[in-house]
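Inside the fold
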Amino acid sequence: MRFFSKKPQQLRLCIFGLDGAGKSSCLSAMFSEDGGSCEDIRPTAGAAEHIDASVSIPSTRKTINLRLTDVGGCIQYRNLWKHMVTGCEGLIFVISTFQRARLDEAISELTALISLLHTHESASIRTAKGGGRSGPEEGGAPVLVLVNSVAGGRGVNGLTPEEINAYLRAQ
């Protein structure tokens, strides 16, 4: 993937996570001009919402245009995730520090998404002529796990990022 071509690069990223994990809040904090006020954030209405953003890389004087798909995390929308993964060039998965009781569920969904992402990439490699997207054996699409802690700390029954990291490593 060429991130630094002469024209602005368009990347499609999908953000997943369980309902209430803070996907929309994370996007708002990253891309709103005021740093994202959590008071104004509403749960994703429907299966997905699209957000367009541009990111400048000062050291290269280049711009990357992002097409972010904020995918609903309610259980009734999770069967649609497999369709959303197709065409994603990167995946962001949000885990809330305050969903201790749902950590196994979150890890299970993350594992399933990674498997789907790699399956789609492998199929893309087999069918693309003249090259295609990179597959898991070539590095694959990146996966970023964000640990969301709106309160900024451990809180009641909240997990620390270190606890989540240790749990991820054990899986």
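Criteria and thresholds
Residues numbered from 1 in each chain as written. Predicted model: local features only at pLDDT ≥ 70, side-chain atom pairs only at ≥ 80, totals over all residues. Heavy atoms only, no water. Helix = DSSP H or I, 4+ residues; strand = E, 2+ residues; numbered from the N terminus. Buried < 20%, exposed > 50% of the residue type's maximum accessible area, 1.4 Å probe, protein only. Contact = heavy atoms within 4.5 Å. Areas by Shrake-Rupley, 256 points an atom, 1.4 Å probe, with all protein chains shown as cover. Core = buried A, V, L, I, M, F, W, Y, C linked by side-chain atoms within 4.5 Å. Salt bridge = Lys/Arg side-chain N within 4 Å of Asp/Glu carboxyl O.

Topic: the overall build of the protein chain
Across its full length, the protein chain carries four helices and five strands. Along the protein chain, from the amino end to the carboxyl end, the secondary structure elements read β-α-β-β-α-β-α-β-α. Burial statistics for the protein chain: of 171 residues in total, 35% are counted as buried. Partitioning the contacts of the protein chain with sequence separation of at least 6, the portion at a separation of at least 24 is 68%. Surface accessibility of the protein chain: about 10,000 Å² in total, with carbon and sulfur atoms responsible for 54%.

Concerning the nonpolar core
Judged by nonpolar contacts, the single largest core of 20 residues is most densely connected at F16, W81, L91, F93, I95, L113 and L117. The residues touching F16, leaving out its near neighbours within four places in the chain, are K23, V71, W81, M84, V85, L91, I92, F93, V94 and L113. One finds L11, I15, L27 and A53 within the second-largest nonpolar core, a separate group that totals 13 residues.

Considering the environment of L146
The residue L146 is located in strand β5 (residues 143-148) in this model. Linking L146 and C26, residues 120 residues apart in sequence, is a C-alpha distance of 8.5 Å. Contacts of L146, omitting those with residues within four sequence positions, involve C26, M30, I92, F93, V94 and I95.

Observations regarding the environment of L144
Along the chain, L144 turns up in strand β5. Distance in space between the C-alpha atoms of L144 and V94 is 8.5 Å, their sequence separation being 50 residues. Ignoring any residue separated from it by four or fewer positions in sequence, one finds L144 in contact with L91, I92 and F93.

Looking at the pattern of salt bridges
Applying the stated criterion across every chain yields a total of seven salt bridges. Across the pair E109 and R78 runs a salt bridge whose closest N-O atoms are separated by 3.4 Å. Remark: R78 occurs in the loop between β3 (62-71) and α2 (81-85) and E109 occurs in helix α3 (residues 103-127); sequence separation between them is 31 residues. Bridged by salt links that share partners, the residues D19, R78, R102, E105 and E109 form one connected network.

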